Amino acid sequence: GAGVSQSPSNKVTEKGKDVELRCDPISGHTALYWYRQRLGQGLEFLIYFQGNSAPDKSGLPSDRFSAERTGESVSTLTIQRTQQEDSAVYLCASSPRRSGGALTDTQYFGPGTRLTVL
Amino acid sequence: AQSVAQPEDQVNVAEGNPLTVKCTYSVSGNPYLFWYVQYPNRGLQFLLKYITGDNLVKGSYGFEAEFNKSQTSFHLKKPSALVSDSALYFCAVRGLGGADGLTFGKGTHLIIQP
């Protein structure tokens, strides 16, 4: 079946502009995660959705970052007033995790969106 | 807080030799441990995970990992390396009380020389 997809694959923007990154999870996966991967670094957790609810926003680096999810489907990560330090690859993952458990669920990752802020 | 350390930025192995990529972790309670591989310009691919039970976990592409509770380690291994194994490998952990996301190490570049 289809895996996690993300769009655009690459985004170049000017400092101060807003950007929207999109993630389509695997069909039927209730949990969705956003991560950021800076050059030469590991992945930083940003936010987790269970359905369209975001019980864990602890990783969002500033109030310029926000995310939404429609039901158990598409999610959008929005970065307002982009800064050069926002340049990174933004990865989305989904898992079949059901509410109330499953720390053990495997997360399946999309190919990422490479964001470059000039 | 939970954390993962991958002490080697790069590991070089000759094709056909055994390989080991090291990972140590820190977490409250029982750890749930994962290995992922990342090929250039691609997302992360799941290799294997440890939840409970047998300390030796077998995964995709002939990889395995050994969980060692006393040493808080979860090293990735393969008996005979292939050139196609060359990639970036990430260890990750999840534990009770941590964030819902995975906590990743910084990654280890594995280079298999023909």
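Treat the numbers as computed from the prediction; the structure is a model and nothing was measured.

Okay, the overall build of chain A next. Within chain A, the regular secondary structure consists of zero helices and eleven strands. The N-to-C order of helical and strand elements in chain A reads β-β-β-β-β-β-β-β-β-β-β. For 118 residues, the compact-globule estimate of 2.2 N^0.38 gives 13 Å, and the C-alpha radius of gyration of chain A, at 14 Å, lies within 12% of that figure. Taking the principal axes of its C-alpha atoms as reference, chain A extends roughly 40 × 30 × 25 Å. Long-range pairs, those at least 24 residues apart, make up 57% of the contacts in chain A with a sequence separation of at least 6. As presented, chain A carries roughly 5,500 Å² of accessible surface, and 44% of it is formed by carbon and sulfur atoms. In chain A, 13 positive and 12 negative side-chain charges are present, and the distance between their average locations comes to 2 Å.

The subject of this paragraph is the overall build of chain B. Within chain B, the secondary structure is distributed over zero helices and twelve strands. Mapped in sequence order, the helices and strands of chain B form the string β-β-β-β-β-β-β-β-β-β-β-β. Against the compact-globule benchmark of 13 Å for 114 residues, chain B has a radius of gyration of 14 Å, which places it among compact chains. Along the first, second and third principal axes, the C-alpha atoms of chain B reach 45 × 30 × 20 Å. Residues classed as buried in chain B amount to 48% of the 114 residues present. A sequence separation of at least 24 residues applies to 57% of the contacts in chain B between residues at least 6 apart. Roughly 5,400 Å² of accessible area belongs to chain B as shown, and the carbon and sulfur atoms make up 49% of that amount.

Attention now goes to the nonpolar core. Residues and elements named next belong to chain B. In terms of nonpolar packing, the biggest core is built from 28 residues, with Leu-19, Trp-35, Leu-47, Leu-48, Phe-74, Leu-76 and Tyr-89 touching the most fellow members. Mapped onto this core, the elements with two or more residues apiece are strand E2 (10-14), strand E3 (19-21), strand E5 (32-38), strand E6 (44-50), strand E8 (64-68), strand E9 (73-78), strand E10 (87-94) and strand E12 (108-113). Take this core: its biggest share by element is four residues, from E10. Sequence-distant contacts of Tyr-89, defined by excluding residues within four places in its chain, comprise Gln-6, Trp-35, Tyr-36, Val-37, Leu-47, Phe-63, Leu-76, Gly-107, Thr-108 and Leu-110.

Cis geometry is found at the peptide bond from A:Ser7 to A:Pro8, where omega equals -10°. With respect to the helices and strands, A:Pro8 occurs in the loop between strand E1 (5-7) and strand E2 (10-13). Unlike most non-glycine residues, A:Arg81 shows phi in positive territory, near 45°. By the element assignment, A:Arg81 lies in the loop between strand E8 (75-79) and strand E9 (88-95). Phi at B:Tyr61 is positive, roughly 60°, even though this residue is not glycine. Note that B:Tyr61 resides in the loop between strand E7 (56-58) and E8.

What follows concerns the interface of chain B and chain A. Counting residues at the interface gives 23 residues for chain B and 23 residues for chain A. Both sides of the chain B and chain A interface together cover about 1,800 Å² of buried area, and 55% of this is carbon and sulfur. If you sort the residues of chain B by the area they bury against chain A, B:Leu44, B:Arg94 and B:Asp100 come out on top, with a joint share of 30%. At the surface where chain B touches chain A, the tally comes to zero salt bridges. Among the elements that take part in the side of chain B that touches chain A, E5(B) stands out by supplying four residues, more than any other. Along the lines of polarity and charge, the residues of the side of chain B that touches chain A split into twelve nonpolar, six polar and five charged.

The next subject is the state of the cysteines. Within this structure, the stated rule accounts for two disulfides over all chains. There is a disulfide in this structure between A:Cys23 and A:Cys92, and the S-S distance comes to 1.9 Å. Of note, the bridge from A:Cys23 to A:Cys92 carries an S-S torsion of about -65° and is left-handed in sense. Of the two residues, A:Cys23 sits in strand E3 (residues 19-24) while A:Cys92 sits in strand E9, which places them 69 residues apart along the sequence. Each member of the pair, A:Cys23 together with A:Cys92, is buried. For B:Cys23, the disulfide goes to B:Cys91, at an S-S distance of 2.0 Å. Negative torsions about the S-S bond denote left-handed disulfides, and the value of about -60° found for B:Cys23 with B:Cys91 makes this one left-handed. Placement of the pair is B:Cys23 in the loop between E3 and strand E4 (24-26) and B:Cys91 in strand E10, with a sequence separation of 68 residues. Both residues of the pair, B:Cys23 and B:Cys91, count as buried.

Cut-offs used in this document
Residues numbered from 1 in each chain as written. Chains lettered and ligands numbered in written order. Predicted model: local features only at pLDDT ≥ 70, side-chain atom pairs only at ≥ 80, totals over all residues. Heavy atoms only, no water. Helix = DSSP H or I, 4+ residues; strand = E, 2+ residues; numbered from the N terminus. Rg over C-alpha atoms; globule rule 2.2 N^0.38 Å. Contact = heavy atoms within 4.5 Å. Areas by Shrake-Rupley, 256 points an atom, 1.4 Å probe, with all protein chains shown as cover. Lys, Arg positive; Asp, Glu negative; His and termini not counted. Charge placed at Lys NZ, Arg CZ, Asp CG, Glu CD. Buried < 20%, exposed > 50% of the residue type's maximum accessible area, 1.4 Å probe, protein only. Core = buried A, V, L, I, M, F, W, Y, C linked by side-chain atoms within 4.5 Å. Buried area = accessible area lost by both parts, 1.4 Å probe. Salt bridge = Lys/Arg side-chain N within 4 Å of Asp/Glu carboxyl O. Nonpolar A, V, L, I, M, F, W, Y, C, P; charged D, E, K, R; others polar. Disulfide = S-S within 2.5 Å.

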